[in-house]
Amino acid sequence: MPFRTQVTDEPAAIDAAAWNALLARQDAPTPFMRHEYLAALHASGSAVPETGWTPRFLLLWDGDALAAACPLYVKPHSYGEYVFDFAWANAHAEHGLAYYPKAVVAAPFTPVPGSRLLARDAAAREALARAAVEWCAGQGLSSLHVLFGDDADHAACAGAGLMERRQVQFHWTNQHPRTGARFASFDDFLASLSQDKRKKTRQERRKVREAGVAFRWARGADIGPADWDFFYRCYERTYLEHGNAPYLTRAFFHAMARQMPESWLLFVAEREGQPIASSLIAIGEVQAPANGQNSTETVAYGRYWGALRRVDCLHFEACYHQPIEWCIQQGVARFEGGAQGEHKMARALLPVMTQSAHWLAHPAFADAVERFLAREGPGVEGYLAHLRERSPFRRAPPG
């Protein structure tokens, strides 16, 4: 029996329990695909048509049961995606063709790898990928892009004829490189680093301490309204200092405080009793296949930061050293540092491969992009291999 396809422009109209139950069945669920998160992006005015994110969420029904679903957005630009296709857009324009509007399956403004095509099984997932392509073709859109999906997503996308693209992120893992055990303390972690990286980290932390800065953290309901408001001041200033308005509105974070408090961890830097900077980390649970069928492990995701005062090395302390120390203390398995940034390797965030999948409507451009990706892929593989040779950890002694 074929699935019934539904497209909705109102995320809040989707049954939250059904969506989240489907998400919980995936290999790589993240907080950024929860119904509450996606609905809040829309309700808060963050990811809406006015900002270039027109929701067209795609649902596949098997009778009254939700068999598959994904957040699909129609976009007139490529901002807030972190998989860069501006050259593809320019090539279309040079040939008198429109690249925008296009469609993306993504968590807006969120370059975190994880499940994107939520489905009860592989057959439903591939049916969802095919339905997305058919819908985009029927709407006359130039392209469809599935961003930062997991392996199951990319198997479904390959079956539906999408092309794979890869890029590199940097993640920290709570695992001693020699013993495989979790780090016992931050000093244990430091001892695993090469001498120059260990010295660098100690110098950075000392500069912050000597500037009179101390940190406190709060999680979930312990993050009070004043803390959320202070965080937003920091977050907004960071964007404005770079000449841009922030992607996310204050109302979005208010919604997170109400609806998903358990998913957030806040670090606040204080000097002379006054807060001067903050960083916000997301927390999620994922399956731990090595630890048993029903076992889960905690993952932290570096997301947002900002400062009202300039202090040397404060960014590194707030965004890397404090979260890593917290992860070690709490037994958190992994800390994902976000998109790009080779400088993260000096703080022991190691390179990992991420994926996206792409369909282009115009046959000649699809062929050109396929050839481009065939050239780009080995280059990304080589770049990853080069980065891995620059490990920040101590080398094992010979013999």
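This one's a predicted model, so the numbers in the text were calculated from it and none came from an experiment.

1. Concerning the overall build of the protein chain
Step number 1: Each helix and strand in the protein chain was counted, giving 11 helices and 15 strands.
Step number 2: Here the protein chain has a C-alpha radius of gyration of 22 Å; the compact-globule value for 399 residues is 21 Å, and the two agree.
Step number 3: By principal-axis analysis of the C-alpha atoms, the protein chain measures approximately 60 × 55 × 50 Å.
Step number 4: Looking at the protein chain as a whole, 54% of its 399 residues qualify as buried.
Step number 5: Residue pairs in contact within the protein chain that sit at least 24 positions apart in sequence constitute 74% of those at least 6 positions apart.

2. Describing the pattern of salt bridges
Step number 1: Under the defined criterion, the tally for this structure stands at 25 salt bridges.
Step number 2: Notably, a salt bridge pairs Asp-312 with Lys-207, separated by 3.4 Å at the nearest N-O pair. Here the residue Asp-312 occupies a position in the loop between β13 (296–307) and α10 (314–330), and Lys-207 occupies one in helix α7 (residues 195–210), the gap between them amounting to 105 residues.
Step number 3: Looking at Lys-207, the relative accessible area reads 41%, which means it is partly exposed.

3. Examining the sheet that holds strand β9 (residues 163–173)
Step number 1: Pairing is mixed across the open sheet formed by 11 strands, whose spatial order is β2-β5-β6-β8-β15-β9-β14-β13-β12-β11-β10. Here the strands that pair on one side only, and so sit at the sheet edges, are β2 (54–55) and β10 (213–219).
Step number 2: Bridge analysis of strand β12 (residues 274–287) against β13 gives 11 bridges, and the strand direction is antiparallel. From the neighbouring strand, Gln-287 faces β13, where its bridge partner is Thr-296.

4. Describing the environment of Asp-229
Step number 1: Looking at the element boundaries, Asp-229 is found in helix α8 (residues 225–241).
Step number 2: Take Asp-229: its relative accessible area is 32%, and that puts it in the partly exposed class.
Step number 3: Measuring from C-alpha to C-alpha, the distance between Asp-229 and Phe-253 comes to 8.9 Å, with 24 residues separating the pair along the chain.
Step number 4: Leaving out residues up to four positions away in the same chain, Asp-229 has contacts with Arg-250 and His-254.

5. A closer look at helix α2 (residues 35–43)
Step number 1: The element α2 is largely enclosed, with a buried count of eight among its nine residues.
Step number 2: Among the residues of α2, those classed as buried are His-35, Glu-36, Tyr-37, Leu-38, Ala-39, Ala-40, Leu-41 and His-42.
Step number 3: Just downstream of α2 lies Gly-45, where phi reads positive at about 80 degrees.

6. Re the environment of Ala-318
Step number 1: Among the structural elements, Ala-318 can be located in helix α10.
Step number 2: Taking the C-alpha atoms as reference points, Ala-318 and Ala-158, 160 residues apart in sequence, are found 40 Å from one another.
Step number 3: In this view, Ala-318 contacts Phe-215, Ser-279, Trp-305 and Pro-323; residues no more than four positions away in its chain are not counted.

7. Brief notes about unusual backbone geometry
Step number 1: Geometrically, the link from Tyr-100 to Pro-101 is a cis peptide bond, its omega value of 5 degrees lying close to zero.
Step number 2: For Pro-101, the location among the structural elements is in the loop between α3 (86–94) and β6 (102–105).
Step number 3: Here Phe-148, not a glycine, exhibits a phi torsion of approximately 60 degrees, which is positive.
Step number 4: Here Phe-148 lies in the loop between β8 (143–147) and α5 (151–159).
Step number 5: Despite not being glycine, Ala-348 shows a phi value in the positive range, around 75 degrees.
Step number 6: In this fold, Ala-348 is placed in the loop between β14 (334–339) and β15 (350–360).
Step number 7: Given the relative accessible area of 1%, Ala-348 is considered buried.

Parameters and conventions
Numbers given to residues run from 1 along each chain, matching the order in which its sequence is written. With the structure being a predicted model, the display of local features is reserved for residues of pLDDT at least 70 and the display and counting of side-chain atom pairs for 80 or more, all residues being used for whole-chain, interface and lining totals. Water and hydrogen atoms play no part in the side-chain values, which are based on all heavy atoms of the structure. Think of it this way: any DSSP run of H or I at least four residues long counts as a helix, any run of E at least two long counts as a strand, and we number them from the N terminus. Every radius of gyration here is taken over C-alpha atoms, with the globule rule written as 2.2 Å times N^0.38, N being the number of residues. Exposure categories follow from relative accessible area, calculated using a 1.4 Å probe and restricted to protein chains: below 20% of the type maximum is buried, above 50% is exposed, and the middle band is partly exposed. Pairs of residues are marked as contacts when any of their non-hydrogen atoms sit within 4.5 Å. Salt bridge, as used here, is a side-chain nitrogen of Lys or Arg placed within 4 Å of a carboxyl oxygen of Asp or Glu. Note on pairing: two strands pair once DSSP finds at least 2 bridges between them.

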